[in-house]
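Residues per chain are reported as follows:
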Amino acid sequence: MIVVEDVVKTFGGFRAVDGATMTIEEGTITGLIGPNGAGKTTLFNVIAGVLKPTSGRVTMKGEDITGLPPHELFHKGLLRTFQIAHEFSSMTVRENLMMVPGGQSGEALWNTWFGRKRIADEERALQAKADEVIEFLTIDHLKEEKAGNLSGGQKKLLELGRTMMVDAKIVFLDEVGAGVNRTLLNTIGDAIIRLNKERNYTFVVIEHDMDFIGRLCDPVICMAEGHVLAEGTLDEIKANEQVIEAYLGTGLKNKDKVSAT
């Protein structure tokens, strides 16, 4: 699905991403882990078009997408969420979902005068789609709630729901578990697994919660100092001496600490 080839991203003289190379297979839920400052979010931003790489190449199903802006990648089915949710706080959950699809007739001033029936038909279809997404995520009780009133975890669910309003092919989730209680995190995890199995979504997940990674992700990729350090199952990653060194600056004697982390 995605191939990252020797990507470098510098800020001044600092290399936030330093020759990262990886492959994301279609239909997988890939975990991306690493210590703080490893370059994970910067790499997400490069792949998703938020940042242009200093050098290197990104392809999606063989097509070179290096440096394409987010709105073009959105129409190709590549979406990302953020560590801090970006909701429209004064709009309801349902309205937030209905805002997602592009090219709506109501966006054109001419249609507000002469295309009202078309706009009304589109809005009914969008509302039905939004209600389907809300039911899928089991948040029916929140559909008329203002998004700004949601908890952090509920906002993460809403972000996931927004990816379901379009033809998403691959979704990059940046710390979906940050600040989320365990019960709601399990709900988010269930939704991700169902989207992967039932709708063939491909996911890449940045997360520090190893229980969450272990439940969802195979393979797991570990980054450190801007490049890929190791790849494999979570158990293989935990047993990797280079990974232990990157996380703790220690050797084999502290493997148990990595497992706990």
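Refer to the structure printed above.
Computed from a predicted structure; not experimentally measured.

### Here we look at the packing of helix 5 (residues 116-136) against helix 7 (residues 182-199)
Turning to step 1, where the next piece is worked out: At a minimum axis separation of 11 Å, helix 5 and helix 7 run at an interaxial angle of 120°. Overall, the two elements helix 5 and helix 7 adopt an arrangement that is oblique. Across from K129, E132 and F136 in helix 5, the residues of helix 7 making contact are A191, R194, L195, E198 and R199.
Turning to step 2, where the next piece is worked out: When grouped by side-chain class, the residues that make up the contact of helix 5 with helix 7 number three nonpolar, no polar and five charged.

### Some points on helix 6 (residues 152-163)
Turning to step 1, where the next piece is worked out: Look at helix 6: 17 Å from first C-alpha to last across 12 residues, which is about the 16 Å you get at 1.5 Å a residue.
Turning to step 2, where the next piece is worked out: The buried fraction of helix 6 amounts to 10 of the 12 residues, a majority that puts the element mostly inside the structure.
Turning to step 3, where the next piece is worked out: Considered for burial, the residues of helix 6 that qualify are G153, K155, K156, L157, L158, E159, L160, G161, R162 and T163.
Turning to step 4, where the next piece is worked out: Looking at the buried side of helix 6, the elements it contacts are strand 6 (78-80), helix 3 (93-98), helix 5, strand 7 (170-174), helix 7 and strand 8 (202-206).

### Some details on the pairing of strand 3 (residues 29-33)
Turning to step 1, where the next piece is worked out: Where burial is concerned, most of strand 3 is hidden: five out of the five residues are buried.
Turning to step 2, where the next piece is worked out: In strand 3, alternate side chains face the same way, and those of I29, G31 and I33 on one face and T30 and L32 on the other are all buried.
Turning to step 3, where the next piece is worked out: Relative to strand 8, strand 3 runs parallel, the two sharing four bridges. Bridging from a neighbouring strand, L32 pairs with I206 of strand 8.
Turning to step 4, where the next piece is worked out: Two strands pair when backbone bridges link them, and strand 3 and strand 9 (residues 220-224) are joined in this way by three bridges, in the parallel orientation. Bridge pairing links I33 to C222 in strand 9.

Procedures and definitions
- Residues numbered from 1 in each chain as written.
- Predicted model: local features only at pLDDT ≥ 70, side-chain atom pairs only at ≥ 80, totals over all residues.
- Heavy atoms only, no water.
- Axes fitted to C-alpha atoms, helices over the stretch in contact; angles between N-to-C directions.
- Helix = DSSP H or I, 4+ residues; strand = E, 2+ residues; numbered from the N terminus.
- Parallel < 35°, antiparallel > 145°, perpendicular 65-115°, else oblique.
- Contact = heavy atoms within 4.5 Å.
- Nonpolar A, V, L, I, M, F, W, Y, C, P; charged D, E, K, R; others polar.
- Expected span 1.5 Å × (residues − 1).
- Buried < 20%, exposed > 50% of the residue type's maximum accessible area, 1.4 Å probe, protein only.
- Pairing = 2+ DSSP bridges.

In short, shape yes, function no, at least from these values alone.
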